[in-house]
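Chain by chain, the residues:
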Amino acid sequence: MPLINVIRGERIEPAPFNVRTPYLKVPLWLVLLLWTVRGVWRLVLVYLRFWYVTVPLTGLTYLYFRFGWWGPGLALGVPAAGLGLWAVVDWRSCRRWAWWPTLSRWRRFRYRRTWKPAMVTAGLAVSFDGNTILPVLKKVRVSGGTDVLTVRMVTGQIPDDFAKVSERLTHTFAALNCRVSPGSRPDLVVLTMRRGDPLTAVVEPLPVTGVPDFTALPIGLREDGSVYELRLYGTQILVVGATGAGKGSVVWSIVRALAGGISAGLVQLWAFDPKGGMELGAGERLFAKFACTDFKAMADLLELALKTAQDRAARLRGHTRQHVASVTDPLIVIVIDELAALTAYITERQLKDRIKAALGLLLTQGRAVGVHVIGCLQDPRKEVLPFRNLFPTRIGLRLAEEPEVDLVLGDGMRDRGALCDRIPMSLPGVGFVVLDGDPTPARVRFSYLDDDDIASLADTYAFDGARVVDGEWA
Ligand SMILES: Nc1ncnc2c1ncn2[C@@H]1O[C@H](COP(=O)(O)OP(=O)(O)O)[C@@H](O)[C@H]1O
Ligand SMILES: [Mg+2]
């Protein structure tokens, strides 16, 4: 029979079932014991988690109780004195093996602290099935002014996802610049954060080696302080930069690296300086052929170079795939100070067509047979661009505008860190080297040869043979 609330006159529904919390009588000592065990367990965890702080502290405390202040004093003082001595005697190795690894740990700790918000705001966190998955910061390596972060991407991400937000990452981590490159495995990406600029000092001319190694010509310094070595074999080199960006220093650095081969007869430099000989004239005696005013002479020389390349190709076909320089068959390096002067500014139609045809063929056919071109370009205009793709190695110095970077260095290169438009006027000779097929631009400062350096180079390594200047025997 139903129950009725007599006051309200409503029917009372019976509860579906009765719940009564059971209670257990626990003695106070047990509660205290449990809490103590839990507290101790947490302490052990913290102790283990921060072992690199807690273990040394334990050791020092033990020494204190065992030997008084002498214990920890000696334990800290002797290694500190040793490190100090190491730093004074050989700072380079101390920096490499002690200072940078310590700094790496500290920086990793700092990056980890802001990692989550940084990834989320940069749009690199992936939400999936109600979970948020973050890229994992695997490793931080400090060297010179750069932090190199190795990051494991979330499944489905590619390095370009990081490249697109590199500017955001730069500011988030308070760096000057962030460069993105693929890691050693397909799931890794490497972020190179530049914190200071190791390239602010002018780079002195590098030592000249006897016979140059054409696969590794020393021409400047990288950000980590190592020497940048340019591979000349099998490539053509385009150097682009605004006026005063330091194109001259790239050319002279390469000439200097080749100088040992010039006097040995293994290398012939053919130099074109269409702006009247202002840039290359100072080292005229290094050049087997030199042209600065006569465009017809330049066209003749380009055709001669092309013929040489084709003869060599016919001779080498079937024997080898890479020409080896010798005194009878030297490496020919054609240096052109302003490419646009030959391909765009010449008014004489016929001459211009001859030059363009010869240059185009030379760029494609010369690479494997030891006929190389180093072309400088100030203004990446339309007429010159078709040639751009024929240069597998491109060097971008300071450029005036952002769009020019991808135009001359290749699509996506600015995103990958070749910020040529951000190089300040105060850093002439700083640039990015981009190699065909290598997604990572290298930031380099080229060595600077002043007039005296060039003069003494020309004295020591002058071309030993009959020279041709503007079509005349000199
Ligand atoms: N690698 C360098 N290091 C230091 N200073 C440089 C370097 N390259 C160029 N400079 C300075 O910049 C000036 C312009 O360089 P230059 O090579 O003539 O530029 P560009 O040929 O690109 O117009 C030089 O006179 C020199 O003072
Ligand atoms: Mg110049």
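Treat the numbers as computed from the prediction; the structure is a model and nothing was measured.

Scoring rules and cut-offs
Residues numbered from 1 in each chain as written. Chains lettered and ligands numbered in written order. Predicted model: local features only at pLDDT ≥ 70, side-chain atom pairs only at ≥ 80, totals over all residues. Heavy atoms only, no water. Near = heavy atom within 4 Å. Polar contact = N/O pair within 3.5 Å; in protein donor to acceptor, adjacent residues only side chain to side chain. Areas by Shrake-Rupley, 256 points an atom, 1.4 Å probe, with all protein chains shown as cover. Helix = DSSP H or I, 4+ residues; strand = E, 2+ residues; numbered from the N terminus. Salt bridge = Lys/Arg side-chain N within 4 Å of Asp/Glu carboxyl O. Buried < 20%, exposed > 50% of the residue type's maximum accessible area, 1.4 Å probe, protein only. Domains from an automatic or database assignment. Contact = heavy atoms within 4.5 Å. Buried area = accessible area lost by both parts, 1.4 Å probe. Nonpolar A, V, L, I, M, F, W, Y, C, P; charged D, E, K, R; others polar.

J.: What's the story with the site of ligand 1 in this structure? I'm lost.
T.: Taken together, the neighbourhood of ligand 1 is formed by 16 residues, with G244, G246, K247, G248 and F446 sitting nearest. Between ligand 1 and A245 there is a distance of 3.3 Å, counted from an oxygen atom to a backbone nitrogen or oxygen. R445 is positioned with one of its side-chain polar atoms (N or O) 3.5 Å from a nitrogen atom of ligand 1. Look at ligand 1: alone it shows 550 Å² of surface, and the protein chains cover 73% of it. Ranked by residues supplied to the shell around ligand 1, first place goes to helix α7 (residues 247-263) with 3 residues.

J.: Just checking my understanding: could you explain the pattern of salt bridges for this structure?
T.: Oppositely charged side chains can form a pair if their charged atoms are brought close together. This structure, assessed with the given rule, holds 21 salt bridges. Salt-bridge contacts for E223 lead to R443; the nearest nitrogen and oxygen are separated by 3.2 Å. Highlighted residues: E223 in the loop between β9 (217-222) and β10 (227-230) and R443 in strand β18 (residues 442-446), separated in sequence by 220 residues. Linking R354 and E303 is a salt bridge whose minimum nitrogen-to-oxygen distance equals 2.8 Å. Of this pair, R354 sits in helix α10 (residues 349-365) while E303 sits in helix α8 (residues 295-316), placing them 51 residues apart in sequence. On the basis of relative accessibility, which here comes to 26%, the residue R354 falls in the partly exposed class. E303 gets classed as partly exposed once you look at its relative accessible area, which sits at 31%.

J.: Explain the environment of A291 to me, please; I cannot follow it from the model alone.
T.: Note on placement: A291 falls in strand β13 (residues 289-291). For A291, a relative accessible area of 0% translates into the label buried. For the pair formed by A291 and R445, sequence separation is 154 residues and the distance between their alpha carbons is 28 Å.

J.: Looking at this structure, how should I read the side chain of D421?
T.: As for its position among the elements, D421 is in the loop between α12 (402-409) and β17 (430-435). Given the relative accessible area of 19%, D421 is considered buried.

J.: What should I look at first to understand the domain arrangement of the protein chain in this one?
T.: By a widespread convention, an interface's size corresponds to the accessible area lost as its parts come together. As assigned here, the protein chain comprises domain 1 (91-194) and domain 2 (217-473). Between the C-alpha centres of domain 1 and domain 2 there is a distance of 36 Å. Opposite the 13 residues of domain 1 that make contact, domain 2 presents 12 residues. Between domain 1 and domain 2 lies a buried interface of about 1100 Å² when both sides are counted; carbon and sulfur atoms form 41% of it. Connecting domain 1 to domain 2 are 4 salt bridges. A salt bridge links R416 to D160; the shortest N-O distance between them is 3.6 Å. Taken together, domain 1 and domain 2 are joined by 4 residue pairs in polar contact (both at pLDDT 80 or more). Listed by contribution, the elements that provide at least two residues to the side of domain 1 that touches domain 2 are α5 (159-164), α6 (166-172) and β7 (177-182). With 5 residues, β7 is the single largest residue contributor to the side of domain 1 that touches domain 2. Split by residue class, the side of domain 1 that touches domain 2 holds 3 nonpolar, 5 polar and 5 charged.

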